[in-house]
Amino acid sequence: MIRVLVLGAGAGGGFPQWNSNSEACRRARSGDPRALPATQASVGVSADGDRWFLINAAPDLREQINRQPQLHPTEGLRSSPIAGIILTNGDVDAVAGLLHLRERTPFKIYAHPRIFGVLDANPIFKVLAPDMVTRETLSTGATTALRGPDGADSGLRLTPFAVPGKVALYMEDASRSGNFGTQEGDTIGLEITREGAPGRVVFIANCAAVDAAVRSRCAGADLLFFDGTLWRNDEMVTRGEGVKTGQRMGHLSMAGPDGSMAALADLDIGRRVFIHINNTNPALLSDSPERAELEAAGWQVAEDGMEIAVS
Ligand code: MLT
Ligand code: MN
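Residues numbered from 1 in each chain as written. Chains lettered and ligands numbered in written order. Predicted model: local features only at pLDDT ≥ 70, side-chain atom pairs only at ≥ 80, totals over all residues. Heavy atoms only, no water.

Draft legend 1. Focus on the packing of aromatic side chains. By the definition in use, this model includes 4 aromatic pairs. Consider the rings of Phe226 and Trp299, whose centres lie 6.5 Å apart with planes at 65°: the pair is edge-to-face. Placement of the pair is Phe226 in strand β11 (residues 223-227) and Trp299 in strand β13 (residues 299-301), with a sequence separation of 73 residues. According to the relative accessible area criterion, Phe226 is buried, its value standing at 0%. Its relative accessible area of 2% is what places Trp299 among the buried residues. Residues Phe274 and Trp299 carry aromatic rings whose centres are separated by 3.9 Å and whose planes lie at 10° to one another, so their mutual orientation is stacked. Here Phe274, found in strand β12 (residues 271-275), pairs with Trp299, found in strand β13; they are 25 residues apart in sequence, far enough to count as distant. (Phe/Tyr/Trp six-rings, centres within 6.5 Å; stacked < 30°, edge-to-face > 60°. Helix = DSSP H or I, 4+ residues; strand = E, 2+ residues; numbered from the N terminus. Buried < 20%, exposed > 50% of the residue type's maximum accessible area, 1.4 Å probe, protein only.)

In structure tokens:
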């Protein structure tokens, strides 16, 4: 069995977002049970329930740890069940939470060299003492054993793969108008299995297009987390809440003939769950027609605190 814990279901900014006065954000602030707040996207995986590997370190990580007993220290005066952090991209909502883990307890960071390059380009991350926070470099297509900082094999196996996407917003090179300087490794998807046990988890929270490679990774997954940023590509523009389309941000939307639901509809997937859901996406509201439509298509929306056992 692989234990999966959703720490945060929201996209960058979370839900409600600090500067949004939309009806949906006002509903979330008022405690409406049909507009549940969502912190920024992160998922924990564990083989034994004692050592956890977190996919991305959201800016909300401190709050996420405090409300999840699985992540509280149990040994000695200083310890943590968090054995490692796996980074799928360099966006603020994926890396800023590393700064919450600076108080000298060992863990590993698993990332592609492109993302270690982003950390190295931002000197604030030097606050993670290298004698405590060690690095494991990921290459796409290669399977790695997830090990804690003591080198002990957790039993989990990680295979990262390339996903169509975009370099982190603050690393965009405006002179490269086609792809803003995006290179392979800027956005990866993850496949997680457990040695000697059934069950395969696929995590893709930033995805600009479903190509043949993405489809083949998703096919047959027992649990798929997929990029649920927007319902429609132009929703931020038409709602007057932003100037960018989903495609400009490197995200494929859920709905319509070109959306992710259509692109993945014919695949055999055990459980399909949208994550990294933007505050403008009506699918966040459990009483919306959009939520009903995605559920009818066999999808779910992730919620903070959701626990899933995969076997
Ligand atoms: C994204 O998912 O597109 C990013 O989180 C945007 C951002 O960094 O604000
Ligand atoms: Mn994001």
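Draft legend 2. Fine view of helix α4 (residues 113-121). Ile115, Phe116, Val118 and Leu119 are the residues of α4 that are buried. Take α4 and look down its axis: the buried residues cluster within an arc of 150°, on one side only. In this structure, the buried side of α4 is in contact with α3 (92-95), β5 (107-111) and β6 (133-137). (Arc of directions from axis to C-beta. Contact = heavy atoms within 4.5 Å.)

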